[in-house]
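Residues per chain are reported as follows:
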Amino acid sequence: AGKGFAVVASEVKALANQTARATEDIAAQIADIQAQTGGAVTAIRDIGKTVSDVNEIAGTIAAAVEEQAAATQEIGRNVQQAARGTQEVSDNIIGVSTAAREAGTAAAEVLSAANRLSQEAGTLRTEVDGFIARVRAA
């Protein structure tokens with residue numbers, strides 16, 4: 001019976017070690033996701049600034065077009081349509097930025113859970129080591 005307990009205890013310890021390694025792998029992957037999310041947020045912010053600059057340029061063009069003759073009025077209408085499209089893109093970028101921020105928050109929550117799992121794996125490892133010591137002592 002003692003050998004059977006030792007085998008079970010050994011397998012439990014091996015599983016605890018595997019859990020700890022898996023937890024560390026998950027934590028590393030989450031850290032990578034967070035880094036990539038940060039890069040995406042920065043890129044989206046840069047795109048938002050570019051879109052804002054485009055909006056300012058479109059406004060300047062629209063003001064100049066208003067001073068021209070009937071032929072240039074058609075160009076003015078096209079610029080207004082481009083400005084609406086730019087606003088739609090800007091709205092979409094805001095949505096993507098929000099989603100990226102939420103993904104970062106979710107990644108942080110997963111990292112926190114992985115850290116708790118790692119702590120619990122350490123506790124389990126300690127418990128298993130104690131159990132094995134008691135079984136060996138008995």
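The structure displayed is predicted, hence computed values, not measured ones.

Draft legend 1. Molecular detail of the overall build of the protein chain. Helices and strands together make up the secondary structure of the protein chain, namely 2 helices and 0 strands. A compact globule built from 138 residues should have a C-alpha radius of gyration of about 14 Å, whereas the protein chain, at 30 Å, is more than 25% larger. Principal-axis analysis of the C-alpha atoms places the extent of the protein chain at approximately 100 × 15 × 15 Å. Sequence-distant contacts in the protein chain: of pairs separated by 6 or more residues, those separated by 24 or more amount to 89%. Total accessible area on the protein chain stands at roughly 9,500 Å², and carbon and sulfur atoms take up 59% of it.

Draft legend 2. Region of the structure containing the pattern of salt bridges. Counted under the stated rule, the structure contains 2 salt bridges. For Lys13, the salt bridge identified is with Asp129, shortest N-O distance 3.4 Å. Of this pair, Lys13 sits in helix H1 (residues 2-66) while Asp129 sits in helix H2 (residues 70-137), placing them 116 residues apart in sequence. Note on Lys13: relative accessible area 32%, which makes it partly exposed. Judged by its relative accessible area of 33%, Asp129 is partly exposed. Put simply, Asp53 and Lys49 hold a salt bridge, and the shortest N to O gap is 3.3 Å. Remark: Lys49 and Asp53 occur in helix H1; sequence separation between them is 4 residues, near one turn of the helix. Judged by relative accessible area, Asp53 falls into the partly exposed class, the value being 31%.

The rules behind the values
- Residues numbered from 1 in each chain as written.
- Predicted model: local features only at pLDDT ≥ 70, side-chain atom pairs only at ≥ 80, totals over all residues.
- Heavy atoms only, no water.
- Helix = DSSP H or I, 4+ residues; strand = E, 2+ residues; numbered from the N terminus.
- Rg over C-alpha atoms; globule rule 2.2 N^0.38 Å.
- Contact = heavy atoms within 4.5 Å.
- Areas by Shrake-Rupley, 256 points an atom, 1.4 Å probe, with all protein chains shown as cover.
- Salt bridge = Lys/Arg side-chain N within 4 Å of Asp/Glu carboxyl O.
- Buried < 20%, exposed > 50% of the residue type's maximum accessible area, 1.4 Å probe, protein only.

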